[in-house]
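A closer look at the structure
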Amino acid sequence: MGCDRNCGLIAGAVIGAVLAVFGGILMPVGDMLIEKKIKKETVLEEGTLAFKNWVKTGTKVYRQFWIFDVQNPEDVAVNSSKIKVKQRGPYTYRVRYLAKENITHDSETHTVSFLQPNGAIFEPSLSVGTENDTFTVLNLAVAAAPHLYPNVFIQGVLNSLIKKSKSSMFQKRTLKELLWGYKDPFLSLVPYPITTTVGVFYPYNNTADGVYKVFSGKDNISKVAIIDTYKGKKNLSYWPSYCDMINGTDAASFPPFIEKTQVLQFFSSDICRSIYAVFGAEINLKGIPVYRFILPSLAFASPLRNPDNHCFCTEKIISKNCTSYGVLDIGKCKDGKPVYISLPHFLYASPEISQPIEGLSPNEEEHSTYLDVEPITGFTLRFAKRLQINILVKPARKIEALKGLKQNYFVPILWLNETGTIGDEKAEMFRSQVTGKINLLGLVEITLLSVGVVMFIVFMISYCACRSKRVN
């Protein structure tokens, strides 16, 4: 009887040990299977989860605009006073709803080329007004004239046309005109062929961004979705040295198995450059653990702090010998127009940049940019891209509309928030197909290991106790 009991205890201990060993073996095997599955599904090729969502996003993406309505236009033009602005918005458009076009796979280079069509649909229910709401804003054509034509004789000619068209430093425009374009009365009088339509995002609808070429990840998953080349309507060959390099993805996804220590590089054609984000926090998004990566203040720092920004310092006077920070000159990819980008309300900018403007209230929660990335797949499940469009306006003695100015202004025109969040249905699918299976496998591994260890310990203790009684 004692022998049978001892044998039973030993058998139980052996079973426990086997379970523990099996659980321990299952861990690396399970991890290997998960890695293999993830690598397969994140390749950009027909039939994968990544390709399906890459061709046409299943997430609704919105672009919200806040317009800076100028309250004292005459006072500024005549007395060079501070510009008083009042933010009005949001005005919301649905964007990025069109599928990628001209998708071409190259099996030799393992790349995919494509065009990204542009389109914007106004969403009245998500807006504070209509596209016909009117604002007092900077006259884009008048402000750009002295930058594009620095010759004083030409400026004198342009001044006569500005006066004849009854144009001034500021103008009234509807939301639709300001964003998507209007026929400018001053430019319409220029006696040689030029583009007479002006708008912050003109042209946009019925255009396409690209051609992009990205790596499919078929041969190397660490390169999936990373941009190889970009031949867009905004030619980046203007920038000197490495400033014309395109690094990273389009931010819709990144190579899988993201670490918190990584710096995520992504390219934005809106700002004509690659930029980056760093880890900020762990977030739970609809039951899915994600890493929040944020755009750091260093991205808009002066070249003294961030040498990568040296190519965006294009002159020494206004930038105070390249020591100012918070605004980046992107005029070279905007046909020479004095366009500068910043974060909304000049967040992280030098104090002197916002000093001539009243009505700004920068804060990180509302005005910073972030990406919520699921770390195993590298998919971006939520994002908020926030930028401000500014025009540099300088005094111009030969142009009467600008000759009253006694200082330079970075005039804020608008700021935007482009945002998207994975929908409830997509989140449920993601949980069931990705995180759910990973969690289940992890639970099985831990359970087997734990049960096995416990069984082994319990049966061994019982065996030792039994042996001890027999000896006594």
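Residues numbered from 1 in each chain as written. Predicted model: local features only at pLDDT ≥ 70, side-chain atom pairs only at ≥ 80, totals over all residues. Heavy atoms only, no water.

Observations regarding the overall build of the protein
To keep it simple, the criterion reads: Each helix corresponds to a stretch of at least 4 residues labelled H or I by DSSP, and each strand to a stretch of at least 2 residues labelled E; elements are numbered beginning at the N terminus. Burial classes follow relative accessibility: with a 1.4 Å probe on protein chains only, a residue under 20% of its type's maximum area counts as buried, one over 50% as exposed, and anything between as partly exposed. For this analysis, residues touch if any pair of their heavy atoms sits within 4.5 Å. We get accessible surface area from the Shrake-Rupley algorithm with a probe of 1.4 Å; when it comes to residues, only the shown protein chains can shield them.
Broken down by element type, the protein carries 9 helices and 20 strands. Expressed as a percentage of its 472 residues, the buried residues of the protein come to 50%. When contacts within the protein are restricted to residue pairs at least 6 apart in sequence, long-range pairs at least 24 apart make up 65% of them. Accessible surface for the protein amounts to roughly 23,100 Å². Of this, 57% is attributable to carbon and sulfur atoms.

Quick notes on the confidence of the model for the protein
Close inspection of predicted coordinates is inappropriate in any region flagged by low pLDDT. Applicable threshold: Per-residue confidence from the predictor is given as pLDDT, running between 0 and 100.
When pLDDT is averaged along the protein, the result is 84, and 82% of the positions lie at 70 or above. Predicted confidence is poor over residues 16-23, with pLDDT under 50, and the contacts of this stretch with residues over four places away or in other chains come to 19 contacts.

Side note on the environment of Leu 140
With respect to the element layout, Leu 140 can be found in helix α4 (residues 140-148). Every residue in contact with Leu 140, bar those within four places of it in the chain, is listed here: Gln 171, Tyr 182, Val 198, Gly 199, Val 200, Ile 391 and Ile 413.

Here we look at the nonpolar core
The test is simple: Definition used in this section: a nonpolar core is a set of buried Ala, Val, Leu, Ile, Met, Phe, Trp, Tyr and Cys residues joined via side-chain atoms within 4.5 Å.
The biggest cluster of nonpolar side chains holds 91 residues, and the ones touching the most others in it are Phe 65, Tyr 93, Leu 138, Met 169, Phe 186, Phe 300 and Val 393. With sequence-adjacent residues up to four places away left out, Val 393 is seen in contact with Leu 138, Ala 143, Met 169, Leu 402, Leu 405, Gln 407, Asn 408, Tyr 409 and Val 411.

Focus on unusual backbone geometry
Excluding glycine, most residues fall at negative phi; most peptide bonds, likewise, are trans. The omega angle of the peptide bond from Tyr 202 to Pro 203 is -10°, so this bond is cis rather than trans. By the element assignment, Pro 203 lies in the loop between β9 (197-198) and β10 (208-215). Cis geometry marks the peptide bond from Gly 210 to Val 211, where omega comes out at 20°. Note on placement: Val 211 falls in strand β10. Positive phi values are uncommon outside glycine, yet His 110 reaches one of about 55°. Within the fold, His 110 resides in the loop between β3 (101-106) and β4 (111-117). A positive phi angle is found at Lys 320, which is not glycine, with a value near 55°.

Considerations on the environment of Thr 92
Note the following rule: As used in this structure description, the phrase polar contact means that two N or O atoms lie within 3.5 Å; if the pair is within protein, one of them must be able to donate a hydrogen and the other to accept it, and residues adjacent in sequence are counted only when both atoms belong to side chains.
One can find Thr 92 in strand β2 (residues 83-95). Look at Thr 92 and you get buried, because its relative accessible area is 1%. On a C-alpha basis, the gap between Thr 92 and Trp 66 in space is 9.2 Å, while along the polypeptide they are 26 residues apart. The residues contacting Thr 92, other than those within four sequence positions of it, are Tyr 62, Arg 63, Gln 64, Ile 121, Phe 122, Glu 123, Leu 126 and Ser 127. At 2.8 Å, the side chain of Thr 92 forms a polar contact with the backbone oxygen of Leu 126.

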